[in-house]
Amino acid sequence: MSERRINSPQNDDMTLEQRKKAAKKALVKIAVLIVVTVAVLVIYRFFMQRPEFYIVFGIYAVITATSVIGYVIYNRGFSRNGITREMLPLEWSEEEKTKFIEDAKKRSERSRWLLIVAFAFLFTFAFDAFDLFVIKGLFGA
């Protein structure tokens, strides 16, 4: 089996064991995303047949909006993404520059759970729209 190598600065210094560990971590995150998305979708579809659906729809809409807006605000509008030391003010010390760059990385890592929630609810609404407009609209099912 040949080993594929992705050319990025992060992977240049990684050993094979570190890559395997990173791949395992990624698979766990994908599994969590799938489980959460399925759970959110199943609850939504269950309440579609009940008279309380409009309340559940409102709650889902608020959770979706809150998680997306919260993710963007917590990550400071992604204004710190892609910033290098050379782009920072010259009068800043190396310690300040490091702190600034590390803060962006930490915020991104700490807010991943919010992204999982947002994705699960967005997928649920997208699936509902697809079901409503495509499956039932075109095929009359």
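Above this text you will find the structure in question.
Presented here is an overview of the structure given in this document. Fair warning: this is a prediction, and the values are worked out from it, not measured in the lab.

Here the focus is the pattern of salt bridges. Opposite charge on two side chains permits pairing when their charged atoms draw close. Summed over all chains, the structure comprises 7 salt bridges. In this structure, D131 and R45 form a salt bridge, with 3.1 Å as the shortest nitrogen-oxygen distance. Of this pair, D131 sits in helix α5 (residues 112–139) while R45 sits in helix α2 (residues 16–48); the two residues are 86 residues apart in sequence, bridging distant segments of the chain. We classify D131 as buried; its relative accessible area is 7%. On the basis of relative accessibility, which here comes to 30%, the residue R45 falls in the partly exposed class. Residues joined by salt bridges that share partners form a network here, namely R45, D128 and D131.

On the surface, L27, I30, I34, V38 and V42 cluster together to form a nonpolar patch covering roughly 470 Å² of accessible area. Mapped onto the elements, V42 comes out in helix α2.

For the coordinates displayed, the defined rule picks out 10 aromatic pairs. A centroid spacing of 6.0 Å and a plane angle of 50° characterise the contact between F53 and F57, whose relative ring orientation is tilted. Taken together, the positions of F53 and F57, both in helix α3 (residues 53–74) and 4 residues apart, correspond to about one turn of that helix. Classification of F57 by relative accessible area gives partly exposed; the value is 36%. Grouping aromatic residues by their ring pairs yields a cluster made of Y44, F53, F57, Y60, F121 and F125. The lysine or arginine in question, R107, covers the ring of Y74, its NZ or CZ lying 4.9 Å from the ring centre.

Reading the values: the criteria
- Residues numbered from 1 in each chain as written.
- Predicted model: local features only at pLDDT ≥ 70, side-chain atom pairs only at ≥ 80, totals over all residues.
- Heavy atoms only, no water.
- Salt bridge = Lys/Arg side-chain N within 4 Å of Asp/Glu carboxyl O.
- Helix = DSSP H or I, 4+ residues; strand = E, 2+ residues; numbered from the N terminus.
- Buried < 20%, exposed > 50% of the residue type's maximum accessible area, 1.4 Å probe, protein only.
- Patch = residues over 30% accessible without salt bridge, like charges linked within 9 Å, V, L, I, M, F, W, Y side chains within 5 Å.
- Areas by Shrake-Rupley, 256 points an atom, 1.4 Å probe, with all protein chains shown as cover.
- Phe/Tyr/Trp six-rings, centres within 6.5 Å; stacked < 30°, edge-to-face > 60°.
- Lys NZ or Arg CZ within 6 Å of the ring centre and 35° of its normal.

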